[in-house]
Amino acid sequence: MSRASERHAPESQDPDDLLLASRNLNARYPWQDPAGQVEYGRVLDAAARLKWSPAAVVSRLDALGYADIQRPDGPLPDAVEPDDVPLVRSAGAGSYRAPWVGLDEPVALKQILESAALADRSPADVARRMTAYGYQVGTGARPLPETADPRDVALIRTERRSYGTWLDWGEEVPAPHVLGVALELSCSPYVAAKRLIALGFRLPYTPEPEDERLLKYADTPGGGWLGRWTAPPVGHILAVARDTGRSHADLLARLHELGCQRPDGNVPDTPQADDLVLLSANLDGRAPWLWKSSAGLQPRHILRASLVTGRTPAQVTERLATLGHGLHENANLPAVATEPDIRLLETLTRSYRDDVHLEHVLRCATLTGRSPSAVATRLKELGYRLPDEVTYPEVVPGVRAE
């Protein structure tokens, strides 16, 4: 044993004294330095282990030569429940010797919520217990929730770099923050907003049950919610207006209030009867909706929409352009939509921004039963870029030439 450890080792060999003097409250080296401060959390932990009152622990530590013992301003509690000891360890500490929560300032809300999550207890219960032990517990605009929710800590996290930063008691929460944490937790932004208010935070808007429908753009289990960077599809806006009877202007204003981006296209003042069909990816008037793309609309969608609606490809293109969805400038659509063209385009994995190479032509030919030469010719007619120096076979793949 080193001289330092001999100097700190207690003279008493009483098992209880050894426990009190050991830094890890295990009656073994290393020993607590009598010149250092004994943290209040350590007093509570020792009281729980020994089944003593905190006052008895303080008295015995004083007798053992520990003069600087931290304690609350008010009276010491009569007893300490062992299940309460983890509540007074600092949140997020990863080591075995996690630091104790201090008495010099109010307990941070993060501490309350992380302790509640680790102990599977409600924030209100944790706050009551820490108050009973003499800690200063801050207050929000209302009492903390009586229900446990392990997502609470993630709800108040504002920065994920380094050690992170968190909201604290009674702060105002920006609307985009609600969208961001809801997306991260795969939960409804409305549910997230209600919980933040229950935790005592202020929001720039009042959550409404109708927000659920407005913010849910896709029927994805646990997902499909608009985020802070997600521009809502025009089809979604029109569908919500149809289902709720609310005006487009009202919906757009509410989306702005909730922190959402502007729609990814143009919401018409007077929708046409088949707008929802044109804007739906499956041409059935329901989600999933078309998303705006820098590559422009897929031409096969135009041709399929033409057959479904009875509009010409040019008319479909014009209407979708009015709604904010245009074709790429290289596109050259036929005057009439045909099934062979649709089948061909459904086998092509390239956009108008990409060159179409021999392997793409051969794949299309194999899947459509057309010759590579016929496929290449038709793709060029539709505006796709193919290299001029390539000679494409006239024979259909899999069919032997006579």
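Keep in mind the model is a prediction, meaning the values are calculated, not measured.

*Asks:* Whenever I open this one, unusual backbone geometry confuses me. Can you help?
*Replies:* Cis geometry marks the peptide bond from tyrosine 29 to proline 30, where omega comes out at 5 degrees. Counting through the fold element by element, proline 30 comes out in the loop between α2 (15–21) and α3 (40–50). The linkage connecting alanine 287 with the following residue, proline 288, adopts the cis geometry, with an omega of 5 degrees. Despite not being glycine, leucine 283 has its phi angle at roughly 55 degrees, a positive value.

*Asks:* Even after reading the chapter, I still don't get the pattern of salt bridges, so can you show me in this structure?
*Replies:* In total, this model carries 23 salt bridges according to the counting rule given. With a shortest N-O distance of 2.9 Å, glutamate 146 and arginine 128 are connected by a salt bridge. Of this pair, glutamate 146 sits in the loop between α6 (123–132) and α7 (152–155) while arginine 128 sits in helix α6, placing them 18 residues apart in sequence. With a relative accessible area of 45%, arginine 128 lands in the partly exposed category. The salt bridge partner of arginine 246 is aspartate 250, with a shortest N-O separation of 2.8 Å. For aspartate 250, a relative accessible area of 34% gives the class partly exposed. Through salt bridges that share partners, Asp84, Arg121, Asp125 and Arg129 make up one connected network.

*Asks:* How should the packing of α3 against helix α4 (residues 54–63) be read in this particular structure?
*Replies:* In the contact formed by α3 and α4, the axes pass within 9 Å of each other and the chain directions differ by 110 degrees. As summarised for this structure, α3 and α4 are arranged roughly perpendicular, according to the angle between their axes. Taken together, the residues of α4 that come into contact with α3 (itself represented by Val43, Leu44, Ala46 and Ala47) are Pro54, Val57, Val58 and Leu61. Split into classes, the residues belonging to the contact of α3 with α4 amount to eight nonpolar, no polar and no charged.

*Asks:* Help me out: how do you make sense of helix α17 (residues 358–368) in this one?
*Replies:* For an α-helix, the turn length of 3.6 residues means that residues three or four places apart are oriented alike. For α17, the full list of buried residues reads His360, Val361, Cys364 and Ala365. All buried residues of α17 fall inside an arc of 135 degrees around its axis, so they share one side. Residues Glu359, Thr366 and Leu367 are exposed on α17 and point more than 90 degrees away from its buried face. Buried residues in α17 make contact with α16 (339–346) and α18 (372–381). Downstream of α17 by one or two residues, glycine 369 has phi in the positive range, about 75 degrees.

*Asks:* How do you make sense of the nonpolar core when you look at a structure like this?
*Replies:* In summary, soluble globular proteins display a tendency toward joint burial of nonpolar side chains. Formed by 86 residues in total, the largest nonpolar core has its most connected members in Ile112, Met130, Tyr135 and Leu320. Ranked by the residues each element gives to this core, the list is headed by α3, at seven residues. Leu303, Cys364, Tyr384 and Leu386 belong to the second largest nonpolar core, which has 18 residues in total.

*Asks:* Could you clarify how one ought to interpret α16 in this entry?
*Replies:* Here α16 has its buried residues at Asp341, Ile342, Leu344 and Leu345. The buried side chains of α16 occupy one side of the element, clustering within an arc of 160 degrees when seen end-on. Each element contacted by the buried residues of α16 is listed here: α14 (299–309), α17 and α18.

*Asks:* What should I look at first to understand the packing of aromatic side chains in this one?
*Replies:* To describe a pair of aromatic rings, one takes the distance between the centres and the angle between the planes. A complete count under the given rule lists three aromatic pairs for this structure. Arranged with centres 5.6 Å apart and planes meeting at 50 degrees, the rings of tyrosine 40 and tyrosine 135 form a pair that is tilted. Taken together, the residues tyrosine 40 in helix α3 and tyrosine 135 in the loop between α6 and α7 connect sequence positions 95 residues apart. Of the residues examined, tyrosine 135 reaches a relative accessible area of 4% and is grouped as buried. Aromatic side chains tyrosine 217 and tryptophan 291 sit 5.2 Å apart centroid to centroid with 85 degrees between the ring planes, which places their arrangement in the edge-to-face category. Placement of the pair is tyrosine 217 in the loop between α10 (211–215) and α11 (234–244) and tryptophan 291 in the loop between α13 (275–279) and α14, with a sequence separation of 74 residues. Relative accessible area serves as the criterion here: at 37%, tryptophan 291 is assigned to the partly exposed category. Geometry around tryptophan 225 places lysine 216 over its ring, the cationic atom sitting 4.6 Å from the centre.

Calculation rules
- Residues numbered from 1 in each chain as written.
- Predicted model: local features only at pLDDT ≥ 70, side-chain atom pairs only at ≥ 80, totals over all residues.
- Heavy atoms only, no water.
- Helix = DSSP H or I, 4+ residues; strand = E, 2+ residues; numbered from the N terminus.
- Salt bridge = Lys/Arg side-chain N within 4 Å of Asp/Glu carboxyl O.
- Buried < 20%, exposed > 50% of the residue type's maximum accessible area, 1.4 Å probe, protein only.
- Axes fitted to C-alpha atoms, helices over the stretch in contact; angles between N-to-C directions.
- Parallel < 35°, antiparallel > 145°, perpendicular 65-115°, else oblique.
- Contact = heavy atoms within 4.5 Å.
- Nonpolar A, V, L, I, M, F, W, Y, C, P; charged D, E, K, R; others polar.
- Arc of directions from axis to C-beta.
- Core = buried A, V, L, I, M, F, W, Y, C linked by side-chain atoms within 4.5 Å.
- Phe/Tyr/Trp six-rings, centres within 6.5 Å; stacked < 30°, edge-to-face > 60°.
- Lys NZ or Arg CZ within 6 Å of the ring centre and 35° of its normal.

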